Amino acid sequence: MDDFRTAVNTSMDKMYQADQAAVGKLARTSDSIAQSTDRLAGSYQYFVSSIVDGFSRALGTFHISVNDMMAELSRQIEALPKSGTSGDAVKELSRIQQLLASMEKTLTASREEA
């Protein structure tokens, strides 16, 4: 009977040691997953921040470009002679100026929302 009890105790000790080893591996795996999650969250935050910054710069550059086009268009319209200019050309330039003004209004509104 003592041999059986010794064998059971030895077997139980080995199972306990194996369980402890598995618990240790699980703890290390869990820590690794937590670290990876933190790195991923930081990378995602940087990614989104970079996109927002880039989009803001692009929108600002586009806004400046539209303003420059409007200024040039206004200058060209003012430079047109008052007589002898095709009415269709003036109408077309006026329509383009209105379109650019509408674009600027939309850009201004989108910048205010951002």
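Here the structure is a predicted model, which means the values were calculated and not measured. (Residues numbered from 1 in each chain as written. Predicted model: local features only at pLDDT ≥ 70, side-chain atom pairs only at ≥ 80, totals over all residues. Heavy atoms only, no water.)

A. Region of the structure containing the overall build of the chain. Each helix and strand counted, the chain has two helices and zero strands in total. Taking 114 residues into account, the globule formula puts the C-alpha radius of gyration at 13 Å, and the chain, at 36 Å, lies well above it. For the C-alpha atoms alone, the extent of the chain along its principal axes is close to 125 × 20 × 20 Å. Out of the 114 residues belonging to the chain, those deemed buried represent 9%. Per element, the accessible surface of the chain, about 9400 Å² overall, is 60% carbon and sulfur. Each charge class in the chain was averaged separately, 12 positive and 15 negative side chains, and the resulting centres sit 3 Å apart. (Helix = DSSP H or I, 4+ residues; strand = E, 2+ residues; numbered from the N terminus. Rg over C-alpha atoms; globule rule 2.2 N^0.38 Å. Buried < 20%, exposed > 50% of the residue type's maximum accessible area, 1.4 Å probe, protein only. Areas by Shrake-Rupley, 256 points an atom, 1.4 Å probe, with all protein chains shown as cover. Lys, Arg positive; Asp, Glu negative; His and termini not counted. Charge placed at Lys NZ, Arg CZ, Asp CG, Glu CD.)

B. Looking closely at the nonpolar core. If you look at the biggest cluster of nonpolar residues, it comprises eight residues: Leu59, Val66, Met70, Leu73, Ile77, Leu93, Leu100 and Leu107. Those elements giving two or more residues to this core turn out to be α1 (2-79) and α2 (87-113). The dominant element in this core, judged by the number of residues it contributes, is α1, at five residues. In this view, methionine 70 contacts Leu100, Ala101 and Glu104; residues no more than four positions away in its chain are not counted. (Core = buried A, V, L, I, M, F, W, Y, C linked by side-chain atoms within 4.5 Å. Contact = heavy atoms within 4.5 Å.)

C. Focus on a nonpolar patch on the surface. Taken together, the side chains of Met1, Phe4, Val8, Met12 and Met15 define a hydrophobic patch exposed on the protein surface, amounting to about 570 Å² of accessible area. Following the sequence through the fold, methionine 1 ends up in the segment before α1. For methionine 1, a relative accessible area of 75% puts it in the exposed group. (Patch = residues over 30% accessible without salt bridge, like charges linked within 9 Å, V, L, I, M, F, W, Y side chains within 5 Å. Salt bridge = Lys/Arg side-chain N within 4 Å of Asp/Glu carboxyl O.)

Geometric values such as these leave the question of function open.
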